[in-house]
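Topology and contacts: notes
Spelled out, the chains give:
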Amino acid sequence: MTPSTIALSVIGGIVGLGSLLGFLAGARRQMNLEQWTVGARGFGTVLLWLLMAGESFTTFSLLGASGWAFSRGAPALYILAYLTLGFVLSFYILPPIWELGRRHGLQTLPDFFQRRYGSRTLTALVALIGVISIVPYLQLQITGLGIIVGVASFDGIARTAAMSIGCVLVSAFVFAGGIRAVAWISVLKDFLLVFVVIFVGIAIPVMHFGGIGKMFDAVIAAKPAHFVMPGSTPNLGHGWFISSVLLSTFGFYMWPHQLGACYTARSRETIRRNAIMMPLYTLSLPFVFFIGFAAILMLPELKNGDLSFLMVARDSFPPWFLGVVGGAGALTAMVPAAVLLLSAAALFTKNFFRPLFAPHLTDDQVARGAKWIVVAISLTSLGFAVFSSSTLVSLLLMGYAGVTQFFPGVIFGLFWPRATTTGVTSGLVTGAGLVAFFVLTGRDPFLGLNAGFIALLANFLVAVVVSLATPAQRNGFEPED
Amino acid sequence: MSRAVPPRPSLAALGCGLIPFIAICGAVPLWDRITPTVFGLPFNLAWLIAWIVLTPICMTFANRIETAREAETEKKGDS
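First, a word on what this report is: a plain description of the structure on this page. (Residues numbered from 1 in each chain as written. Chains lettered and ligands numbered in written order. Predicted model: local features only at pLDDT ≥ 70, side-chain atom pairs only at ≥ 80, totals over all residues. Heavy atoms only, no water.)

Let's shift gears to the overall build of chain A. Helix and strand counts for chain A stand at 21 helices and 0 strands. Look at the contacts in chain A between residues 6 or more apart in sequence, and 84% of them connect residues 24 or more apart. Of the roughly 17700 Å² of accessible surface on chain A, 68% is carried by carbon and sulfur atoms. (Helix = DSSP H or I, 4+ residues; strand = E, 2+ residues; numbered from the N terminus. Contact = heavy atoms within 4.5 Å. Areas by Shrake-Rupley, 256 points an atom, 1.4 Å probe, with all protein chains shown as cover.)

See below:
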């Protein structure tokens, strides 16, 4: 058996097992701290941490973060920063969102906008921008799957073929009736992933350098400039860091599929406690960075940083372990990808297409149409993945630039009754337009700052000025007299 | 709760949340350095890891403040 066959078989086995058990199971249960606390009697604190740490991992944190640690250096630290601060922000905005969501039956971000501002156009715009921003995020997962299959096949399977396989798998997941993950299969994936990350993150420095500290000594000596911003880039300095952290922090909960997750909480207190504890789960992320940094000396010829985690694993461990790493990574890509696909399709059909163009469609027709949209969106993402050479992190930043433009509408919607529909819409159009301009003309970063963040500032400014210039309106959350 | 619109967070609670923002974003030029290393890790990485742990501490204070404030409002509402 060739190493490639072994590795791919293990991956296939893990993914197959996960999928099979997922399909056989009952309804999807959104995993959050609450449910694990309820169902996890007898689980120690450490085990619970392992679980939640695994849940918050995505292809971005596994392959993308190590990729940027390898190729960019210190700028990659923005990931640690925004994950921490995003939870701080959630402490303040999620409880009121949750309360309003409960009271008015809101499920998604467009629902929130519709209720507060009462404009079909604005809501449709939010849905459209949401779908467009999801594409790079989806592209990231597909690219990640392609990397996993490619490296595990010892470069036997070409990247395009590997990504197409990944794309088909994810779509099949979605078509078979959405995601239905059994509780303990999620557990298995989570434990596997976190165990892999921490094990590899410690073993590699120990095996190749004699310890984590020694590894850093060696790498820093070889490339000292890499470890202070702007690292190995010409333009990702402190200004970029701060603006990108703020962009991602504000955009953290603006992804359309994320609001639904908080509605499973029992009370405001639960949400706040979640917000406090969740940063601790990102303690597993530094181990990913260790591997990216170690790869600097271990894989000096490597061009594409996103491969570093898997290549390090391939060079240091037997093929079956590579299969384990790849299998965990594959599940970590496929489940979020399926969620994203479903959300994008639902957003497009229910919140954009039907309200604007075909209000007479029944829910059934919408559901059937959504399946075709799933195919369209996944093919689009695949197309971009095949022809793009963006790093995984760059893709996510693009997505963030888009969804963060919803932040003014949300924060004003919650706390500033004077915000008007025209104001928020104008801000959103300004922000989205600027993002499109900057991204399409390759002007990111712009003047040393994250372009999406600049667009956000313009968005805020326009929203405030136009809101004050237009007549005050009824706050949709207030009860009717 | 019968209030129409959820209340804004208190200034004190916001202040607690501001601390991690300042430490992580505001102070970048101060902490973006390699030395002194902490347990072998470059200082900037160690700083951010430290704040992964310090932030929940700040937010615990914010939670105490908000919870106390809500208890106050409930009492006033009942009387």
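Here the narrative resumes, following the displayed structure.
Turning next to the overall build of chain B. For chain B, the count of helices and strands is 3 helices and 0 strands. Reading the secondary structure of chain B in the N-to-C direction produces α-α-α. Since a compact globule built from 79 residues should have a radius of gyration of about 12 Å, the 18 Å found for chain B marks it as more spread out than a globular shape. Considered along the principal axes of its C-alpha atoms, chain B spans approximately 60 × 20 × 15 Å. A sequence separation of at least 24 residues applies to 60% of the contacts in chain B between residues at least 6 apart. Accessible area for chain B stands at about 4400 Å²; split by element, carbon and sulfur atoms hold 69% of it. Within chain B, the 6 negative side-chain charges are centred at a point lying 4 Å from the centre of the 7 positive side-chain charges. (Rg over C-alpha atoms; globule rule 2.2 N^0.38 Å. Lys, Arg positive; Asp, Glu negative; His and termini not counted. Charge placed at Lys NZ, Arg CZ, Asp CG, Glu CD.)

Our next topic: the interface of chain A and chain B. The partner chain B presents 41 residues to the 45 residues of chain A that form the contact. Roughly 3700 Å² of surface becomes buried between chain A and chain B when both sides are summed, with 74% attributable to carbon and sulfur atoms. For the chain A face of the interface with chain B, the top three residues by lost area are Tyr92, Ile276 and Phe415 of chain A, together amounting to 16%. Seen at the junction of chain A and chain B, the total is 2 salt bridges. With its nearest N and O atoms 3.5 Å apart, the salt bridge here joins Glu70 of chain B to Arg268 of chain A. The interface formed by chain A and chain B holds 10 residue pairs in polar contact (both at pLDDT 80 or more) in total. Counting residues per element, the ones that place at least two in the side of chain A that touches chain B are helix H5 (78–104), helix H10 (212–222), helix H11 (238–251), helix H13 (268–277), helix H14 (285–298) and helix H19 (407–415) of chain A. Per-element accounting of the side of chain A that touches chain B gives the leading share, 11 residues, to H5 of chain A. Of the residues in the side of chain A that touches chain B, the class split is 32 nonpolar, 6 polar and 7 charged. (Buried area = accessible area lost by both parts, 1.4 Å probe. Salt bridge = Lys/Arg side-chain N within 4 Å of Asp/Glu carboxyl O. Polar contact = N/O pair within 3.5 Å; in protein donor to acceptor, adjacent residues only side chain to side chain. Nonpolar A, V, L, I, M, F, W, Y, C, P; charged D, E, K, R; others polar.)

A few words on the packing of helix H6 (residues 109–117) of chain A against helix H7 (residues 120–152) of chain A. Residues and elements named next belong to chain A. The interhelical angle for the contact between H6 and H7, taken along N-to-C directions, is 160°, at an axis separation of 9 Å. With respect to H7, the element H6 is oriented roughly antiparallel. Once H6 is placed against H7, the crossing between them reads as right-handed. Where H6 abuts H7, its residues Pro110, Phe113, Gln114 and Tyr117 lie against Arg120, Leu122, Thr123 and Val126. (Axes fitted to C-alpha atoms, helices over the stretch in contact; angles between N-to-C directions. Parallel < 35°, antiparallel > 145°, perpendicular 65-115°, else oblique. Left-handed = near helix turned anticlockwise from the far one by under 90°.)

Here we come to a nonpolar patch on the surface. Nonpolar side chains collect at one region of the surface, where Phe353, Leu356 and Phe357 of chain A lie side by side and expose about 280 Å² of accessible area between them. Along the chain, Leu356 of chain A falls in helix H16 (residues 319–357). (Patch = residues over 30% accessible without salt bridge, like charges linked within 9 Å, V, L, I, M, F, W, Y side chains within 5 Å.)

All names here are of chain A. Taking 1.5 Å of rise per residue, the 14 residues of H14 would be expected to cover 20 Å, and the 20 Å separating its terminal C-alpha atoms lies within 8% of that figure. Buried residues dominate H14, accounting for 12 of its 14 residues. Of all the residues in H14, the buried ones are Leu285, Pro286, Phe287, Val288, Phe289, Phe290, Ile291, Gly292, Phe293, Ala294, Ala295 and Ile296. (Expected span 1.5 Å × (residues − 1). Buried < 20%, exposed > 50% of the residue type's maximum accessible area, 1.4 Å probe, protein only.)

Now for H16 of chain A. Residues and elements named next belong to chain A. The end-to-end C-alpha distance of H16, which contains 39 residues, comes to 53 Å, matching closely the 57 Å that a straight helix rising 1.5 Å per residue would cover. Of all the bends in H16, the greatest measures close to 30° and is centred on Thr349. Most of H16 is tucked away, with 28 of its 39 residues classed as buried. (Bend = angle between axes of the 7 residues up to and from the residue.)

All names here are of chain A. All chains considered together, the criterion is met by 39 aromatic pairs over all chains. With a centroid separation of 5.5 Å and 80° between ring planes, the pair formed by Trp255 and Tyr400 is classed as edge-to-face. Here Trp255 is found in the loop between H11 and helix H12 (259–262), whereas its partner Tyr400 is found in helix H18 (residues 392–403), with 145 residues between them in sequence. Members of the aromatic cluster, each reached through a chain of ring pairs, are Trp68, Tyr78, Tyr82, Phe87, Tyr137, Trp240, Phe252, Tyr253, Trp255 and Tyr400. (Phe/Tyr/Trp six-rings, centres within 6.5 Å; stacked < 30°, edge-to-face > 60°.)

Moving on, we get to the environment of Val374 of chain A. Residue and element names in this part refer to chain A. With respect to the helices and strands, the residue Val374 is situated in helix H17 (residues 363–387). We classify Val374 as buried; its relative accessible area is 3%. Residues Val374 and Val15, 359 residues apart in the sequence, show an inter-C-alpha distance of 21 Å. Beyond its immediate sequence surroundings of up to four residues, Val374 is in contact with Val174, Phe175, Leu341 and Ala345.

For the rest of this paragraph, the subject is the nonpolar core. All names here are of chain A. Tyr78, Ile79, Tyr82, Phe113 and Phe241 are the most contacted members of the largest nonpolar core, which has 167 residues in total. Excluding its chain neighbours within four sequence positions, the residues that come into contact with Ile79 are Phe60, Ala65, Leu285, Phe289 and Val393. With 5 residues, the next largest nonpolar core counts Ile142, Met163, Leu382 and Ala385 among its residues. (Core = buried A, V, L, I, M, F, W, Y, C linked by side-chain atoms within 4.5 Å.)

Further remarks concern the side chain of Thr84 of chain A. Topologically, Thr84 of chain A is positioned in helix H5. Look at Thr84 of chain A and you get buried, because its relative accessible area is 1%. When neighbours within four sequence positions are excluded, Thr84 of chain A is seen to be in contact with Pro279 of chain A together with Ile24, Trp51, Ile52 and Thr55 of chain B.

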